[in-house]
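# Geometric and topological summary
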Amino acid sequence: MYFPRPLAMGVALALLAGSTLAASPTSPAELQAAWLAEARQSNPALRAFSAERGRSFFSTTHGSDWSCASCHTSNPGQGGAHAVTRKLIEPLAPAANPRRFSDAAKVDKWFGRNCKDVLGRACTAEEKGDLLAYLLTVKP
Amino acid sequence: MKTLQSLSLATLLLAGGAWAGDHRYALSPTYAAECGSCHVAYPPALMDAAGWKVTLQQLERHFGSDASLEPQAQREIASLLQAQASTRSAHEGKGAAPRLTTTAWFQRKHRPEELRGYPLPKVPAGARATPMAQCQQCHRRAEQGDFGEGSLQPADGRR
């Protein structure tokens, strides 16, 4: 098949662009298992994550102006909006939005960014596990 | 041959840039995904290469948020922005944290007499929202890269 060069270049560019966005499929259960193993290294007594601790982590501030709820709203079963730009944010709870917590690279990227914004540091495996335990209890 | 030429032209536009004059911009999927999650994926052609370079150097502190990228995405977006950046002095990004909204071109297009009938979105007292970052409130097809006047509507929905 013949492609004129710019078209071929466009196709190559599109493929290249696709590669960055390549999904690393996962599931809430898989993430929970990995975080539990990680959290037990520093806290061997940890039996399970706590949705209640996760709920409080989600809705309170951590020394700065923002909480998770500042953008994701106090009901993560519904959509929110970015605190500064008002850009719409899709629901965070997997029951309301099955694309959430389905791509490991995306999960890492957003915890990386948002934990620094809200806590001023990275989140621990225990915090992430508690948070997801809470989100899994939220209905749309 | 004519078909090939127009195909090539369409591809160049898709791969690279804007439909001149009508303020519609083609955005790469990577750029739209990485730079369009927290705000509208702003058209690369609305700031100069130097302004984008400074912006990309400080993504960990991006207007109050951490917007850092994975190295591969960072490289891709850096080269895309350098390729699509404006070469017009009216699009010069100014200062230590260049903003699209402070270029001479943007300010001219959004001066009070231009905004008549299109009031800026209201921001509740104490909120951190910035009206000018909310392109989508008036440019209703901004998410699709379309800033043409045909898709312009006042923020409150009346016309």
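Remember, it's a predicted structure, so these values are computed and weren't measured experimentally. Each chain carries its own residue numbering, running from 1 in the written order of its sequence. Labels follow written order: the first chain is A, the first ligand is 1, and so on. The predicted nature of this model means local features are confined to residues of pLDDT at least 70 and side-chain atom pairs, given and counted, to a pLDDT of 80 or more, with totals for whole chains, interfaces and linings taken over all residues.

### Thoughts on the UniProt feature "domain: Cytochrome c" (unreviewed entry) in chain A
Following the UniProt record, one finds the feature "domain: Cytochrome c" (unreviewed entry) at residues 49-139 of chain A. Starting at the N terminus, helices and strands are each numbered in turn, a helix being any DSSP run of H or I of at least four residues and a strand any DSSP run of E of at least two. Along residues 49-139 of chain A one finds 45% helix and 4% strand; the C-alpha atoms at either end are 19 Å apart. UniProt positions are given in the numbering used here, feature names are shortened, and annotations may be inferred rather than shown by experiment.

### Section: the environment of Glu38 of chain A
Along the chain, Glu38 of chain A turns up in helix α2 (residues 28-42). Neighbour counting defines burial: a residue surrounded by 20 or more other C-beta atoms within 10 Å of its own C-beta is buried, one with 12 or fewer is exposed, and intermediate counts give partly exposed, using backbone-placed C-beta atoms. Looking at Glu38 of chain A, the number of C-beta atoms within 10 Å reads 14, which means it is partly exposed.

### Observations regarding the nonpolar core
Within the largest apolar cluster, 21 residues are counted, with the highest numbers of intra-cluster contacts made by Tyr31, Ala41 and Ile77 of chain B. Looking at this core, the elements with two or more residues in it are α2 (29-35) and α4 (71-84) of chain B. Filtering out sequence-adjacent residues up to four positions away, Ala41 of chain B remains in contact with Leu27, Tyr31, Ala32, Cys35 and Gly36 of chain B. If you look at the next biggest cluster of nonpolar residues, it comprises 15 residues, including Phe101, Cys115, Ala133 and Leu135 of chain A. Any nonpolar core is a set of buried residues, restricted to Ala, Val, Leu, Ile, Met, Phe, Trp, Tyr and Cys, that join up through C-beta atoms within 7 Å. In this description, any two residues whose backbone-derived C-beta atoms lie within 7 Å of each other are considered to be in contact.

### A closer look at the packing of helix α3 (residues 49-57) of chain B against α4 of chain B
All names here are of chain B. Orientation is described by axes fitted as lines to C-alpha atoms, over the contacting stretch for helices, and by angles from 0 to 180 degrees between their N-to-C directions. Close contact between α3 and α4 brings their axes to 9 Å; oriented N to C, the two are set at 165°. By the criterion of interaxial angle, the relationship of α3 to α4 is roughly antiparallel. The handedness of the crossing between α3 and α4 comes out as right-handed. For the pair α3 and α4, the contacting residues are Ala49, Trp52 and Leu56 in the first and Gln74, Ala78, Leu81 and Gln82 in the second. The labels follow the angle: roughly parallel below 35 degrees, roughly antiparallel above 145, roughly perpendicular from 65 to 115, and oblique for the rest. Two helices cross in a left-handed way if the nearer one is turned anticlockwise from the farther one by less than a right angle. They cross in a right-handed way if the turn is clockwise.

### Things to note about the confidence of the model for chain B
Residues and elements named next belong to chain B. A residue's pLDDT is the confidence the predictor assigns to it, expressed on a 0 to 100 scale. Chain-level statistics for chain B give a pLDDT mean of 85 and a share of 84% at 70 or above. Mean pLDDT across the elements of chain B ranges from a minimum in helix α1 (residues 2-16), with 46, to a maximum in α3, with 97. Low pLDDT, under 50, characterises residues 1-17; the stretch is placed with 22 contacts to residues that sit more than four places away or in other chains. Reported confidences for the modelled complex are a pTM of 0.79 and an ipTM of 0.75.

### Structural notes on helix α3 (residues 51-59) of chain A
All names here are of chain A. Here α3 has its buried residues at Gly54, Phe57 and Phe58. The arc that holds the buried residues of α3, viewed along the axis, is 100°, so those residues lie on one side. Exposed residues lying more than 90 degrees from the buried face of α3 are Glu52 and Ser56. Looking at the buried side of α3, the elements it contacts are α4 (68-72) and α6 (125-135). An arc is given here, and it is the one of the directions from the helix axis to the C-beta atoms.

### Considering the packing of α2 of chain A against α6 of chain A
All names here are of chain A. Packing of α2 against α6 leaves a shortest axis separation of 8 Å and a crossing angle of 145°. Where α2 crosses over α6, the two elements pack in a sense that is left-handed. From α2, Pro28, Leu31, Gln32, Trp35, Leu36, Glu38 and Ala39 reach across to α6, where they touch Ala125, Glu126, Lys128, Gly129 and Leu132. Classification convention: Asp, Glu, Lys, Arg as charged; Ala, Val, Leu, Ile, Met, Phe, Trp, Tyr, Cys, Pro as nonpolar; all other residues, Gly among them, as polar. A per-class count over the contact of α2 with α6 returns 7 nonpolar, 2 polar and 3 charged.

### So, the confidence of the model for chain A
Scored by pLDDT, chain A has a mean of 87; 84% of the residues are at 70 or more. pLDDT under 50 marks residues 1-20 of chain A. Its contacts with residues more than four places away, or in other chains, come to 23 contacts.

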